[in-house]
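These are the residues of each chain, in order.
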Amino acid sequence: MSDMSDLPVSIFSLLSSPELDVFFAPPALRDVPPDTAAHMPLLLGILISTRPHSLALVGVPPAIADYVRSFLILQAFDTRTQSLNASEAPARTGSPLDIAVLDLTRLKRAAETLTTLRPSLAPDALLFLNGTETDTGAAVWNALAATHPHCLFPDTGGAGIVALGAIPCGLNPLFEARTSSTQLARLRIRLSRLGSAWAGAVRQSTFDAESLHQKDSLDATRHDLLQTRLALLETRERLSQAAASAAEIDQQPSEPPEESQAVAPTTVDPTWMQQARTLIEEQNSRLATLQTEIQALQSAIQARSGLFRGLLRTLRHPNFSPHIPTVPAPLELPALPEIESAVAGTHNPASPLPVSALRRNVLFVSGEPATPGTLYRCTRNAAACALVGHFTRVLACADVGPADVEWADVIVLWRVEYSPHVAILIRLSKEKGTTVIFDTDDLVFIPALASIAIIDGIRTVDCATESIVHITFQNMRATMERADACFATTDFMATEMRRIARQSFTLPNIYDAACLRRSRMAARILASVPGDGLIRIGYASGTRTHQRDFALVAEVLARLMQKHSEVRLVLFHETGNKRPVLLMDEFPALLPVADQIEWRDMVPLERLPEEFARFDISIAPLELDNVFCEAKSEIKYLEAALAGVPSVVSPTAPYRDCVTDGVTGFLAETPTQWEDALTRLVTDPSLRRSLARNALNQVLWTFGPQRQALLFESIIMSFCNDAATARASETLIARGRYQGRGVPEVPEYETLFAHDALEAADVSVIITSHNYHDVILDALESVRSQSVQKLDLIIVDDASTDDSVALITHWAQQNAARFNRLLVLAPLANVGLGGARNIGVSASETPYFLSLDADNRLRADACEKLLAACDPLTAYAYPTLRQFGAAHDLMGNIPSRPLQLRNGNYIDAMALVAKWAWSAAGGYYVKRDAMGWEDYDLWCTLAELGLKGVHVSEPVAEYRVHGESMTNSVTETHTHKANVVTYIKARHPWLDMHHEARSRG
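Residues numbered from 1 in each chain as written. Predicted model: local features only at pLDDT ≥ 70, side-chain atom pairs only at ≥ 80, totals over all residues. Heavy atoms only, no water.

Taking an unreviewed UniProt entry as the reference, the protein chain is identified by name as Glycosyltransferase belonging to Acetobacter estunensis.

So, in structure tokens, the structure goes:
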């Protein structure tokens, strides 16, 4: 224990001086009994007076123990602290314990605990005992007081001090008999007042936490009540329709219907109704519990009110007035008429009552089940629709029966020709009130286009004639005219549909998780092996319908291959007979370079990503000024981008909408433009990488299942009741095309170290660093110790001038085997925080990434806990953070409420973010003169897009507080912060920055 004889302030003067109240300002502690906190001022005074080298906290509540550690660090004491349970012996550190703090209120066998502790105590150790007034505590206290110097303070929760040896100088006044009784009485009063303040702070903190919990519970109940009421309205609507149908049937003549027009009886699922009753009973039970809790809360507030407390509360919170909400009246399910039981064969969902009464059964019907379009337009769309909670099925048109129609609330007919079977399907749907939607990916509903002059494929497809195609288009048109709405793959097609149909919606062709995974794995595998020096230009046509399209570029390709012997043209032929998909007789310009053409077997659709990944450049030529080609989707650009391949495409309307010329690809109209674009890509590998990277970062959102799911949510809601339709229409109109906020800006960089085990991980931790040599190892080690086994790590060093790069690279070499994938990247020049983060995110190959600044660190379960909190539509998950270093408070312990961002950022950058959400937001902004609020800008953008975040209440990450952080050294400086506020306000005008202006004033 330190020699305190030279200290001017003894424990007596320390605790009796009003000027030193600041040392004992009670913090907001939770989960601590108030009586336990009452002794804290005395304990802190003893710690200040003695400055112990080692301290044991035995049976002390975790919140108290954490505060004591924080207090010692703030006082700059080099005190080793251990927290022990009742039976645990102190760790052997080589030096004995100077002070042992025992909470006798929590130790059932205090005497045995003290015996266990004795060998580790110094000869002149102090025992600080709390709870001496308890039976167990009194016995221990009496035994110790009989043989050792002691002093007792019963007014501070029964705290007592026992000196096992020499009394420290600073504590002599407490033990000496010559201290006057007046002085001791004054000291005891002082301690009692301070202890009461601590106990009161704990009670207030607990009270506030309980009040907040009550409010959250009430909000959740109100939300559940709203959902239940919506469910009841939906049930009543169904019952009304059933009753009306029953009355209609009773009034009709009793003639048996024709067999071909048999209609299944109208039914209401009794299981669904029973689930409604069960949920209402549960809600009423919760309401009763809430009523009891609210009454107790009201009584507590009234009991605490008094003149002194009321005055104090008014001074501290002049604009606060507690509000005690009322509980709604219990719900009752109205009496229901007897409804016929469900007929045999009806499909009832196995899940319980939907969380939203707007959940629907959606049936996707394929008119061409043997073609790839079924995957693009039925299977993938059904999966996206299910992401927002709808039940979905996919069936071939010929397999759809009355039971399927009875199950469905919405039926989507993709390329379904009108026929007697389809006529019955639509009539049954109309009688039931089911919404019917016609879907197509070509202009197959305009019979006038069935001409070889417009659709070149008619002459090259087996068994196709203009007459047959005309009839097919007429049948498609007949189905479309009987539908309630239409789905189109492009905005151009949706516009053409609206000339015929009442309403149409654009739902593009999308990728799914399996396609993305296979595409990225194929790209990684090819990147891991040495190249052969060839440049492959691929044309992935899956059908023999693009002769005139390819003719646009045939001569250009021939000239290019003659100039560049390393160029290869990759084309496809049928497996087995090796018949080319393209009819090569029509392209004589390619004969001189026939030996530079690589022929590949056509593959199943699930293997197409591997073929795209072999390309260095993908081409998608389409006839211009051809209305049929103008409506073609962007699928070739999408699939090439997923595989990391840049594209050159014709500037049709869909491609003009999604391709930024020279940024995400090249638009080429004339032969000269095609030749220039291809030549640039052939001769410039860095340009190929840049365009491919930008294209991938764009399509992750634009053609992703998450965006499609949110579109489905609003579109299907627009076919529900009047209120839901109005809300959905508002959303769809306000969103517009619902595109991302631009292509993420990714500065050029080099790879300093790379390791790839070629497996699939779920999360990449991305560490950005600039001159953090002294602390970055803490961050790296915290990532290495993550409980997630398959983990990727990307470190971006932003032009450090210290020896960070050497340190990081050496660490990466030593620890590569721990990670599935580990990269060390460095921009070619200092790019700032946003640019460095974008480099890391763009290089990641996982669904999620977690940003970690080099001066922070993760707890071992951070990635695991954050991943567990996410569902497929979660854009980000952020944890509560625990500070360390110069502060020890909690940060970010606020639930996800995006509108709270209006008043300032409450979410740290240390969050798990979905890569598709980063794509939607356009990445982190890159602006050196406004650096510092990149994460705040990201959260605001995601809020504007309606993308959800979730909060993980556990503190699974740690935030270092120190003076050299970027926040303190750059962001918060006067001039720079003014630039940041102005920039963010311009990007998000809905933010309220007046408090930031005041802080600068």
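Now that the structure is up, let's keep going.
J.: Would you explain the overall build of the protein chain in this entry?
T.: Helix and strand content of the protein chain: 35 helices and 28 strands. Counting every position in the protein chain, which comprises 1001 residues, the buried fraction comes to 50%. The long-range share in the protein chain, meaning contacts at least 24 apart out of those at least 6 apart in sequence, stands at 79%. Total accessible area computed for the protein chain in this model is approximately 44,400 Å², and 54% of it derives from carbon and sulfur atoms. (Helix = DSSP H or I, 4+ residues; strand = E, 2+ residues; numbered from the N terminus. Buried < 20%, exposed > 50% of the residue type's maximum accessible area, 1.4 Å probe, protein only. Contact = heavy atoms within 4.5 Å. Areas by Shrake-Rupley, 256 points an atom, 1.4 Å probe, with all protein chains shown as cover.)

J.: Quick question: what am I supposed to make of the environment of Trp933 here?
T.: Within the fold, Trp933 resides in the loop between α31 (915-920) and α32 (934-944). We classify Trp933 as buried; its relative accessible area is 11%. Considering only alpha carbons, one finds Trp933 and Tyr983, 50 residues apart in sequence, at a separation of 9.7 Å.

J.: Is there a simple way to think about helix α25 (residues 705-717) in this case?
T.: Within an α-helix, residues lying three or four positions from one another point in the same direction, as the helix has 3.6 residues per turn. In a regular helix each residue adds 1.5 Å, so 13 residues correspond to 18 Å; α25 covers 18 Å between its end C-alpha atoms and thus fits that length. Counting buried positions along α25 yields 11 of 13 residues, so the element is predominantly enclosed. Of the positions making up α25, those classed as buried are Pro705, Gln706, Arg707, Gln708, Ala709, Leu710, Leu711, Phe712, Ser714, Ile715 and Ile716. (Expected span 1.5 Å × (residues − 1).)

J.: Would you mind going over helix α24 (residues 685-702) with me for this structure?
T.: For α24, which comprises 18 residues, the first-to-last C-alpha distance of 26 Å matches the rise-based estimate of 26 Å (1.5 Å per residue) to within 8%. With 15 of 18 residues buried, α24 is to be regarded as a mostly interior element.

J.: I keep staring at the sheet that holds strand β15 (residues 597-601) and nothing clicks. Help me out?
T.: Consider a sheet: its strands pair through backbone hydrogen bonds, and that pairing is either parallel or antiparallel. Strand order in the open sheet formed by 6 strands is β15-β14-β13-β16-β17-β18, with parallel pairing between adjacent strands. Edge positions in the sheet fall to β15 and β18 (666-667), since each of these pairs with one other strand and no more. By the bridge criterion, 2 bridges tie strand β13 (residues 535-538) to strand β16 (residues 617-620) in an arrangement that is parallel. Of the residues in β16, the one forming a bridge with Gly538 is Ser618. Strands β13, β14 (567-573) and β16 of the sheet are contacted by helix α18 (residues 547-563), whose axis makes an angle of about 140° with β14. (Pairing = 2+ DSSP bridges. Axes fitted to C-alpha atoms, helices over the stretch in contact; angles between N-to-C directions.)

J.: Could you clarify how one ought to interpret the sheet that holds strand β10 (residues 435-439) in this entry?
T.: Spatially, 6 strands are ordered β8-β7-β9-β10-β11-β12 in an open sheet, and the strand pairing comes out parallel. Lying at the two open borders of the sheet, with one neighbouring strand each, are β8 (391-396) and β12 (504-506). On average, each strand axis in the sheet is inclined to that of its neighbour by 20°, with strand direction left out of account. One ladder, built from 3 bridges, connects strand β11 (residues 485-488) with β12; its direction is parallel. Bridging from a neighbouring strand, Cys486 pairs with Ser504 of β12.

J.: Looking at this structure, I do not really get the packing of helix α23 (residues 671-683) against α24. What am I missing?
T.: Helix-helix packing is characterised by the crossing angle of the two axes and by the distance between the axes. Viewed as axis vectors pointing N to C, α23 and α24 meet at an angle of 105°, and their least axial separation amounts to 5 Å. By the criterion of interaxial angle, the relationship of α23 to α24 is roughly perpendicular. Counting all contacts with α23, which are made through Arg680, Leu681, Val682 and Thr683, the residues of α24 involved are Pro685, Leu687, Arg688 and Leu691. In terms of residue class, the contact of α23 with α24 is made up of 5 nonpolar, 1 polar and 2 charged. (Parallel < 35°, antiparallel > 145°, perpendicular 65-115°, else oblique. Nonpolar A, V, L, I, M, F, W, Y, C, P; charged D, E, K, R; others polar.)

J.: Mind showing me how you'd approach the pattern of salt bridges here?
T.: Where side chains of opposite charge bring their charged atoms close, a pairing between them can arise. Scanning the model with the defined rule gives 47 salt bridges in all. Among the salt bridges present, the one from Arg393 reaches Asp404, with a minimum N-O distance of 3.7 Å. Of the two residues, Arg393 is situated in strand β8 and Asp404 in helix α12 (residues 402-407); the sequence distance between them amounts to 11 residues. On the basis of relative accessibility, which here comes to 11%, the residue Asp404 falls in the buried class. For Arg459, the salt bridge identified is with Asp456, shortest N-O distance 2.4 Å. In this structure Arg459 comes out as partly exposed when scored by relative accessible area, which is 38%. With a relative accessible area of 4%, Asp456 lands in the buried category. (Salt bridge = Lys/Arg side-chain N within 4 Å of Asp/Glu carboxyl O.)

J.: What should I look at first to understand the pairing of strand β2 (residues 80-84) in this one?
T.: Here is the key point about a regular strand: its side chains alternate between the two faces of the sheet. Bridge count between strand β1 (residues 54-58) and β2: 5 bridges; the pairing is parallel. Following the sheet pairing, Leu55 is matched in β2 by Thr81. As a crossover connection, the stretch from β1 through helix α4 (residues 62-74) into β2 is right-handed. (Right-handed = clockwise from strand over helix to strand, strands pointing away.)

J.: What's the story with the nonpolar core in this structure? I'm lost.
T.: Membership of the largest hydrophobic core comes to 109 residues, with the highest contact counts inside it found for Val765, Ile767, Leu793 and Leu947. Non-local contacts of Leu793, meaning those with residues more than four positions away in its chain, are made with Val765, Ile767, Leu780, Val783, Trp811, Phe819, Arg821, Leu822 and Leu823. Membership of the second largest hydrophobic core comes to 37 residues, among which are Val365, Val405, Ile426 and Phe628. (Core = buried A, V, L, I, M, F, W, Y, C linked by side-chain atoms within 4.5 Å.)

J.: What should I look at first to understand the packing of α18 against α23 in this one?
T.: Interaxial distance between α18 and α23 falls to 10 Å at its minimum, and their mutual angle equals 35°. In the packing of α18 onto α23, the handedness of the crossing is right-handed. Residues Val553, Val556, Leu557, Arg559, Leu560 and Lys563 of α18 touch α23, and the partners they reach there are Pro671, Trp674, Glu675, Leu678, Thr679 and Val682. Tallied by class, residues from the contact of α18 with α23 come to 8 nonpolar, 1 polar and 3 charged. (Left-handed = near helix turned anticlockwise from the far one by under 90°.)

J.: Would you mind showing me how to read the pairing of strand β22 (residues 821-827) here?
T.: The buried fraction of β22 is high, at 7 of 7 residues. In terms of strand pairing, strand β19 (residues 749-756) meets β22 through 7 bridges, oriented antiparallel. Within β22, the position partnered with His755 by the bridge is Leu822. The pairing of strand β21 (residues 792-797) with β22 spans 5 bridges and is parallel. The residue bridging Ile794 from the neighbouring strand is Leu823, located in β22. On the question of chirality, the crossover connecting β21 to the parallel β22 by way of helix α28 (residues 804-815) is right-handed.

J.: Looking at this structure, I do not really get the environment of Thr50. What am I missing?
T.: For Thr50, the position within the fold is in helix α3 (residues 40-50). As for Thr50 and Pro168, which are separated by 118 residues in sequence, their C-alpha atoms are 6.9 Å apart.

J.: Looking at this structure, I do not really get the packing of aromatic side chains. What am I missing?
T.: For any pair of aromatic rings, geometry is given as the distance between the ring centres together with the angle between the planes. What the rule picks out here adds up to 17 aromatic pairs. Residues Phe505 and Phe719 carry aromatic rings whose centres are separated by 6.1 Å and whose planes lie at 80° to one another, so their mutual orientation is edge-to-face. Pair noted here: Phe505 is in strand β12 and Phe719 is in the loop between α25 and α26 (722-735), with a separation of 214 residues, a long-range link. The exposure classification of Phe505 matches that of Phe719, with both residues buried. Pairing Trp701 with Trp916 gives two aromatic rings, centres 6.0 Å apart and planes at 15°, and the pair type is stacked. (Phe/Tyr/Trp six-rings, centres within 6.5 Å; stacked < 30°, edge-to-face > 60°.)

J.: Explain the confidence of the model for the protein chain to me, please; I cannot follow it from the model alone.
T.: The predicted coordinates of low-pLDDT regions are not to be read in fine detail. When the pLDDT values of the protein chain are averaged, the result is 84; 80% of them are 70 or greater. Long-range and interchain partners of residues 2-8, a stretch whose pLDDT sits below 50, account for 12 contacts in this model, where long-range means more than four residues apart. Counting interchain partners and residues more than four positions distant, the pLDDT-below-50 stretch residues 317-323 has 1 contact. (pLDDT = per-residue confidence, 0-100.)

J.: Teacher, can you tell me more about the side chain of His573 here?
T.: As for its placement among the helices and strands, His573 is situated in strand β14. A relative accessible area of 10% places His573 in the buried class. Here the side chain of His573 touches Asp601 through a polar contact of 2.9 Å, side chain to side chain. Residue contacts for His573: discarding those within four places in its chain leaves Lys578, Arg579, Pro580, Val581, Trp599, Arg600, Asp601 and Met602. (Polar contact = N/O pair within 3.5 Å; in protein donor to acceptor, adjacent residues only side chain to side chain.)

J.: Help me understand unusual backbone geometry in this model?
T.: Trans is the prevailing form of peptide bonds, just as negative phi is the prevailing case for residues other than glycine. Residue Asp625 is not a glycine yet carries a positive backbone phi of 60°. Structurally, Asp625 can be placed in the loop between β16 and α20 (627-630). Judged by its relative accessible area of 83%, Asp625 is exposed. If you check the backbone angles, Tyr738 has positive phi at about 55° while not being a glycine.

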